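Commentary on secondary and tertiary structure
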Amino acid sequence: MNSLVTIEGVKKTIFGSGAVNQIGMECKSLGASRVLIVMDRTLAQTDICSRIQELISKSRLKAFLYPEVTPEPDPMLADLGAELSKKEKAQCVIGVGGGSTMDVAKAIGVLAKNDGKAVDYIGLNKVKKAGLPAIMVPTTAGTGSETTFTSVFTMRETKTKGGINSPFLYPHTAILDPELTLELPPYVTAYTGMDALTHAIESFTSVRAHFMSEPISLKAVELISENLRGAVFQGNNIAFREKMIMGSYLAGLGLAMSGVSAVHALAYPLGALFDIPHGIANALLLPYVLEYNYPGDINKFCQLAIAMDQEIEGLSSREAASLVAEAVYDLAMDIGIPLSLKALNIPEESITEMAQGAMKVEVPIKNNPRPMTVDVVEEIYRHAFEG
Ligand SMILES: [Fe+2]
């Protein structure tokens, strides 16, 4: 730990099956009678959407639906949502969905009270004042966006990704209802779960990790690695879904406190240049980056091996630490994650450009437990190319 530790975050978390039934009461407790609900188009056609709208209207609140979020969202989606929010005089924003939806919803909340457009705030601490209070309702166990101070956007004209990072983006309330994840298809469960595992491992091994984030991140590693296969293969088993949503929430808390590292930096160009969903890009790259990283912090990687239930008796600590990459690779393979860049049709000629792009994602690169150079990044991509 090499700097001051400041703990901030989501103010209130409600966890458990049926937690979503509290949503109307939570809006009221924030003093809101007019609420904006942010979703993607697919979710807007499901029972989850009608149930939430019903819960809001039963509480005698006025709801406005903004069902326009798309994967790897463009910042313009937040601008349009903020316009609607201002027009309808919303007093609270609810984000229901995966990471893209929650990121857009958090940005809408901020833009409703700050001038300008979402792109103006990409960077660190550029937001001037608090936005509308926000309630996040994740429907995947993945991004942990319900706990973080970041909204990530994809700028397609410049083929880059970037985030608004501001304490004003912390949601007021997170409602974690594992029942809302029961219908998630196996593949989405798999790659969103691997994103959560990436947050857990990267925040645990980040050079900014500290006494408070470390046990939280490590617990997340344990919960996710124990339950992700079950959630993928027995999606309607609530016990697996409960553990996964707990794990992704804890991983999000770890991320909010200590950041992520090189896997996220290397994943960004895959999203920006080739529209690969964030979770898939992370899942694919995680074992290859860990293989490079483990000598950077043998002790922490030994703890990860134990959290992932690896047999380490009789092994040297270096040998035990090296098991983590293998355990992650096996998990990813079991749940059907593509494990090579080739499998995603990424052209080999793009590797140099991708490596340069990854090095520009400076904060995660700096957080990495083993120093990264553009040559190392290129080498990792080349290793991941064939798999
Ligand atoms: Fe992530």
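In this report, we go over the structure that sits alongside the text. On a predicted model such as this, the values are computed, not experimentally measured, just so you know. (Residues numbered from 1 in each chain as written. Predicted model: local features only at pLDDT ≥ 70, side-chain atom pairs only at ≥ 80, totals over all residues. Heavy atoms only, no water.)

1. Notes on the overall build of the protein
Within the protein, the regular secondary structure consists of 15 helices and nine strands. In summary, the protein has a C-alpha radius of gyration of 20 Å against a globular reference of 21 Å for 387 residues, a match within 12%. With the C-alpha coordinates of the protein rotated into their principal frame, the extents come out at 65 × 45 × 45 Å. Out of the 387 residues belonging to the protein, those deemed buried represent 59%. Long-range contacts, defined here as pairs at least 24 residues apart, represent 78% of the contacts in the protein between residues at least 6 apart. Put simply, the protein shows about 15,800 Å² of open surface, and 52% of that area lies on carbon and sulfur atoms. Separation of charge centres in the protein, based on 33 positive and 43 negative side chains, amounts to 11 Å. (Helix = DSSP H or I, 4+ residues; strand = E, 2+ residues; numbered from the N terminus. Rg over C-alpha atoms; globule rule 2.2 N^0.38 Å. Buried < 20%, exposed > 50% of the residue type's maximum accessible area, 1.4 Å probe, protein only. Contact = heavy atoms within 4.5 Å. Areas by Shrake-Rupley, 256 points an atom, 1.4 Å probe, with all protein chains shown as cover. Lys, Arg positive; Asp, Glu negative; His and termini not counted. Charge placed at Lys NZ, Arg CZ, Asp CG, Glu CD.)

2. Some points on a nonpolar patch on the surface
Among the surface-exposed residues, I7, F211 and M212 lie close enough to one another that they form a single nonpolar patch of about 300 Å² accessible area. The topology assignment puts I7 in the segment before β1 (12-15). Judged by its relative accessible area of 42%, I7 falls in the partly exposed class. (Patch = residues over 30% accessible without salt bridge, like charges linked within 9 Å, V, L, I, M, F, W, Y side chains within 5 Å. Salt bridge = Lys/Arg side-chain N within 4 Å of Asp/Glu carboxyl O.)

3. Remarks on the environment of E179
The residue E179 is located in the loop between β9 (173-176) and α6 (186-205) in this model. As for E179 and G18, which are separated by 161 residues in sequence, their C-alpha atoms are 7.0 Å apart. E179 has contacts with S17, G18, R51 and I238, leaving out every residue within four places of it along the chain.

4. Section: the sheet that holds strand β4 (residues 92-97)
Read across the open sheet, the six strands follow the order β1-β9-β6-β4-β2-β3; overall the sheet is parallel. One side of each edge strand has no neighbouring strand; the edge strands of this open sheet are β1 and β3 (62-69). Neighbour-to-neighbour, the strand axes of this sheet turn through a mean angle of 20°, independent of strand direction. Pairing geometry for strand β6 (residues 134-138) and β9, over two bridges, is parallel. In the sheet register, M136 faces β9, and the bridge partner there is A174. This element, helix α3 (residues 47-58), spans β2 (34-40), β3 and β4 of the sheet and lies at about 175° to β2. Packing against the sheet, helix α8 (residues 238-258) makes contact with β1, β6 and β9, and its axis sits at approximately 165° to β1. (Pairing = 2+ DSSP bridges. Axes fitted to C-alpha atoms, helices over the stretch in contact; angles between N-to-C directions.)

5. Remarks on the coordination of the iron ion
Every protein donor of the iron ion is listed here as D195 (OD), H199 (NE2), H264 (NE2) and H278 (NE2), and their distances to the metal cover 2.1 to 2.4 Å. Of note is the iron ion, whose four donor atoms meet at the metal with angles of 83 to 169° in an arrangement that counts as irregular. Counting the intervening residues between successive donors of the iron ion yields the motif D-x3-H-x64-H-x13-H. With a gap of 69 residues between them, D195 in helix α6 and H264 in helix α9 (residues 262-274) connect regions that are remote in the sequence. Exposure class is identical for D195 and H264. Each is buried. (Donors = N, O, S within 2.8 Å, 3.2 Å for Na, K, Ca; no water. Tetrahedral: all angles 85-135°; square planar, octahedral: opposite > 155°, others 65-115°.)

6. Quick notes on the sheet that holds strand β5 (residues 123-124)
Here we have three strands laid out as an open sheet, ordered β5-β8-β7, and mixed in their pairing. Of all strands in the sheet, those bounded by a partner on one side alone are β5 and β7 (150-155). Bridge count for β5 against strand β8 (residues 160-165) is two bridges, and the pairing is parallel. Bridge pairing in β8 links G123 to I164.

7. Considering the side chain of N282
Locating N282 in the fold gives a position in helix α10 (residues 278-293). A distance of 3.1 Å separates polar atoms of two side chains, one belonging to N282 and the other to H264. Excluding residues that lie within four positions of it along the chain, N282 makes contacts with D195, T198, V263, H264 and A267. (Polar contact = N/O pair within 3.5 Å; in protein donor to acceptor, adjacent residues only side chain to side chain.)

8. Comments concerning the nonpolar core
A general tendency of soluble globular proteins is for nonpolar side chains to be buried together. Counting residues in each nonpolar core, the largest one holds 81 residues, and the members touching the most others are M194, L197 and Y381. Sort the elements by how many residues they give to this core and α10 lands first, with ten residues. Excluding residues within four positions of it along the chain, L197 makes contact with V221, I224, L286, M308, V328 and L331. Counting residues in each nonpolar core, the second largest holds 29 residues, with V38, V69, A107 and I108 among its members. (Core = buried A, V, L, I, M, F, W, Y, C linked by side-chain atoms within 4.5 Å.)

9. Digging into empty space enclosed by the protein
Enumeration according to the criterion identifies one cavity of 30 Å³ or more in this entry. Every residue lining the largest cavity is listed: A141, T181, L184, T189, T192, A231, R241 and M244. Elements represented by at least two residues in the lining of the largest cavity include exactly α6 and α8. Here the residues of the lining of the largest cavity sort into four nonpolar, three polar and one charged. (1 Å grid on protein atoms, 1.4 Å probe; cavity = no way out; pocket = protein on both sides within 12 Å on 5 of 7 lines; lining within 4 Å. Points joined across faces, edges and corners; volume = space filled by probe spheres on them. Nonpolar A, V, L, I, M, F, W, Y, C, P; charged D, E, K, R; others polar.)

10. Observations concerning the layout of surface pockets
Where empty space is left in the structure can be found by rolling a water-sized probe over the atoms. The computed volume of the second largest pocket comes to approximately 260 Å³. Lining the second largest pocket we find 17 residues, and of these K11, P167, F168, Y170 and H172 sit closest to its centre. With three residues, helix α5 (residues 99-111) is the single largest residue contributor to the lining of the second largest pocket. In the lining of the second largest pocket, the residues fall into ten nonpolar, four polar and three charged.

11. Re helix α4 (residues 75-87)
For α4, which comprises 13 residues, the first-to-last C-alpha distance of 19 Å matches the rise-based estimate of 18 Å (1.5 Å per residue) to within 8%. Along α4, the positions that sit buried rather than exposed are P75, L77, A78, D79, G81, A82 and S85. Its buried side turned inward, α4 meets β2, β3, α5 and β7. Capping the start of α4 is the job of one residue whose side-chain oxygen sits 2.8 Å from the backbone nitrogen of M76: D74. Trailing α4 by a residue or two, K89 shows a phi angle of about 55°, which is positive. (Expected span 1.5 Å × (residues − 1).)

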